[in-house]
Amino acid sequence: MGHRLDGHLEEQSMLFQVAPHAVPVILAALQEDLPRFVRNHLLTVLWRLVTGESHRSEAEAGLPDLEEDCCAAAWEGIWQLYQEAASGDVETALDILEFVDLDEQRFEYFRSALAARLKRHQS
């Protein structure tokens with residue numbers, strides 16, 4: 001039976017302290033030639049990390065803002081994510097980029113350029 005990341009990085013959108021450290025590892029893994037189901041799983045995990053939240057108790061304790069740290073770590077691989085949108089799971093990659101890319105004009109340009117591919121992926 002394979003190993004999964006479920007419950008180790010986040011639980012019901014609440015991020016664990018290790019989450020930002022996992023982002024570069026996921027990005028590195030996505031550079032490899034992976035089976036589609038593994039690639040899709042890693043992208044989904046990455047999406048959960050950039051859209052998750054720090055647990056209330058961690059915020060009250062003055063711990064780092066984990067969702068910002070995850071987005072910042074994902075930003076380091078922004079061109080890799082755009083490549084994934086152009087050649088892989090366009091929908092999930094664009095969903096991640098929506099949170100990661102602070103340049104709204106660039107994001108909208110790429111979203112428009114990939115609109116036909118996104119439409120095919122959704123049907």
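Bear in mind that the values here come from a model prediction, so they are computed numbers and not experimental data. Numbers given to residues run from 1 along each chain, matching the order in which its sequence is written. Totals for whole chains, interfaces and linings use every residue, but because this is a predicted model, local features are given only for residues with pLDDT of at least 70 and side-chain atom pairs only at 80 or more, for both listing and counting. Derived side-chain values reflect all non-hydrogen atoms in the structure, with water molecules and hydrogen atoms excluded from consideration.

What exactly am I supposed to notice about the packing of aromatic side chains here?
Any two aromatic rings considered together are summarised by their centre-to-centre distance and by the angle between their planes. By convention, a stacked pair of Phe, Tyr or Trp rings (six-membered ring in the case of Trp) has centres within 6.5 Å and planes under 30 degrees apart, an edge-to-face pair has planes over 60 apart, and any other such pair is tilted. Scanning all chains against the criterion turns up 4 aromatic pairs. Consider the rings of Tyr82 and Phe110, whose centres lie 4.3 Å apart with planes at 35 degrees: the pair is tilted. Remark: Phe110 occurs in helix H7 (residues 104–113) and Tyr82 occurs in helix H5 (residues 78–87); sequence separation between them is 28 residues. Between buried and exposed lies partly exposed: a residue is buried under 20% and exposed over 50% of the maximum accessible area for its type, with that area taken using a 1.4 Å probe on protein chains only. For Tyr82, a relative accessible area of 3% puts it in the buried group. Runs of E in the DSSP output that reach at least two residues are strands. Runs of H or I that reach at least four are helices, and both are numbered from the N terminus.

Looking at this model, I keep getting lost on the packing of H5 against helix H6 (residues 90–100). Mind explaining?
How two helices sit against one another is set out by the angle between their axes and by the gap between those axes. Only the stretch in contact is used when fitting a helix axis, every axis being a line fitted to C-alpha atoms; angles between N-to-C directions are given from 0 to 180 degrees. It is the contact of H5 with H6, at a shortest axis distance of 7 Å, that shows an interaxial angle of 150 degrees. When the axis of H5 is compared with that of H6, the two are roughly antiparallel. Handedness of the crossing formed by H5 with H6: left-handed. Residues Ile78, Leu81, Tyr82, Glu84 and Ala85 of H5 lie in contact with H6, whose contacting residues are Val90, Ala93, Leu94, Ile96 and Leu97. Within the contact of H5 with H6, the residues separate by chemical class into 9 nonpolar, no polar and 1 charged. Just so you know how the angles are binned, under 35 degrees is roughly parallel, over 145 roughly antiparallel, 65 to 115 roughly perpendicular, and the rest oblique. Handedness of a crossing follows from how the near helix is turned relative to the far one, being left-handed for an anticlockwise turn of less than a right angle and right-handed for a clockwise one. Contact between two residues is taken to exist if any of their heavy atoms lie within 4.5 Å; hydrogens are not considered. Each residue is assigned to one of three groups, with Ala, Val, Leu, Ile, Met, Phe, Trp, Tyr, Cys and Pro labelled nonpolar, Asp, Glu, Lys and Arg labelled charged, and all others, Gly among them, labelled polar.

Help me understand the nonpolar core in this model?
A general feature of soluble globular proteins is that nonpolar side chains tend to end up buried together. Counting 31 residues, the largest nonpolar core has Val23, Ile26, Leu46, Leu49, Leu94, Ile96 and Leu97 as the members making the most contacts within it. Put simply, the parts of the chain that give this core at least two residues each are helix H1 (19–30), helix H2 (36–51), helix H4 (66–75), H5 and H6. Dropping the residues within four chain positions of it, Ile96 is found in contact with Leu43, Leu46, Trp47, Val50 and Leu81. The nonpolar core is taken to be a set of buried Ala, Val, Leu, Ile, Met, Phe, Trp, Tyr and Cys residues, with the residues joined through side-chain atoms within 4.5 Å.

Hey, could you run me through the confidence of the model for the protein in this one?
For any part of a model where pLDDT is low, the fine detail of the predicted coordinates should not be relied upon. When pLDDT is averaged across the protein, the result is 84; 79% of the residues are at 70 or more. A residue's pLDDT is simply how confident the predictor is in it, with values from 0 to 100. Model confidence for the protein, summarised as mean pLDDT per element, is weakest for helix H3 (residues 56–60) at 58 and strongest for H6 at 95.

Teacher, can you tell me more about the packing of H1 against H2 here?
The N-to-C vectors of H1 and H2 enclose an angle of 150 degrees; their axes lie 10 Å apart at closest approach. Relative to H2, the element H1 lies roughly antiparallel. As H1 packs across H2, the resulting crossing turns out to be left-handed. Listed contacts from H2 to Ala19, Ala22, Val23, Ile26, Leu27, Ala29 and Leu30 of H1 are Arg39, Leu42, Leu43, Val45, Leu46 and Leu49. Here the residues of the contact of H1 with H2 sort into 12 nonpolar, no polar and 1 charged.

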